[in-house]
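Summary of the model geometry
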Amino acid sequence: MDYKELIARAVEAKQSAYVPYSHFRVGAALLTTSGRIYTGCNVENVSYSATNCAERTAVYKAVSEGERQFTAIAVNGDNKDYLPPCGICRQVLAEFCDLDTFQVILANDEEDYQIVTLDKLLPGAFSIENLKPESFKRKD
Ligand code: THU
């Protein structure tokens, strides 16, 4: 698949970033299996921990619109080199995306990007398997 459009949408979404504290803008564009694109930017907060990353903004927008199946996400930040999604965003992506096939496009621009599958970014992910009673140590 040609990811140029997805990357262009991530770069465009970055323009809406609300970053009065870090001054570091991030944009993301999430592709659904049905071919739709949901974009997101980072939205910071004076209570720093309430900040939402661009990737999670895109996922939450999509899920709140009824979408739960995704094939790829493009991420573009204000830094010079590829922006690696933070750990919380990796876990949120893992909630909805197949680790082995979901593609994360770390994009500097439409010509310069790197594609990695989610399993490479989140090896040994905590998953629903870990919550099954048969995997519990406690038996009561
Ligand atoms: N940020 C993202 O939007 N995505 C990431 O994956 C890494 C970090 C944002 C959060 C915060 O607004 C700023 O970048 C600095 O951490």
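Quick caveat, the model's predicted, so the values are computed rather than measured. (Residues numbered from 1 in each chain as written. Predicted model: local features only at pLDDT ≥ 70, side-chain atom pairs only at ≥ 80, totals over all residues. Heavy atoms only, no water.)

Overview of the environment of lysine 4
When you line up the elements, lysine 4 lands in helix 1 (residues 4–13). By relative accessible area, lysine 4 is classed as partly exposed at 29%. Lysine 4 sits 70 residues away from alanine 74 along the chain, and the two C-alpha atoms are 9.5 Å apart. Look past the residues within four positions of lysine 4 in its chain and what remains in contact with it is Glu110 and Glu111. (Helix = DSSP H or I, 4+ residues; strand = E, 2+ residues; numbered from the N terminus. Buried < 20%, exposed > 50% of the residue type's maximum accessible area, 1.4 Å probe, protein only. Contact = heavy atoms within 4.5 Å.)

Focus on the packing of helix 2 (residues 54–64) against helix 3 (residues 87–96)
Where helix 2 contacts helix 3, the axes come no closer than 9 Å and their chain directions differ by 25°. By the angle class used here, helix 2 and helix 3 are roughly parallel. Considering only the axes of helix 2 and helix 3, their crossing is left-handed. Residues Glu55, Arg56, Val59, Tyr60 and Val63 of helix 2 form the contact with helix 3, whose own contacting residues are Ile88, Cys89, Val92, Leu93 and Phe96. (Axes fitted to C-alpha atoms, helices over the stretch in contact; angles between N-to-C directions. Parallel < 35°, antiparallel > 145°, perpendicular 65-115°, else oblique. Left-handed = near helix turned anticlockwise from the far one by under 90°.)

A few points about the environment of isoleucine 88
Relative to the helices and strands, isoleucine 88 is located in helix 3. In the structure, isoleucine 88 is positioned 16 residues away from valine 104 in sequence and 15 Å away in space, judged by C-alpha atoms.

Describing the pattern of salt bridges
Throughout the structure, instances matching the rule amount to 6 salt bridges. Two residues, lysine 4 and glutamate 111, come together in a salt bridge whose shortest N-O distance is 3.2 Å. Here lysine 4, found in helix 1, pairs with glutamate 111, found in the loop between strand 4 (103–107) and strand 5 (113–117); they are 107 residues apart in sequence, far enough to count as distant. Taking the shortest distance from any N to any O, the salt bridge between arginine 25 and aspartate 78 comes out at 3.0 Å. Linking arginine 25 in the loop between helix 1 and strand 1 (26–32) with aspartate 78 in the loop between strand 3 (70–77) and helix 3, this pair joins segments that are 53 residues apart in sequence. (Salt bridge = Lys/Arg side-chain N within 4 Å of Asp/Glu carboxyl O.)

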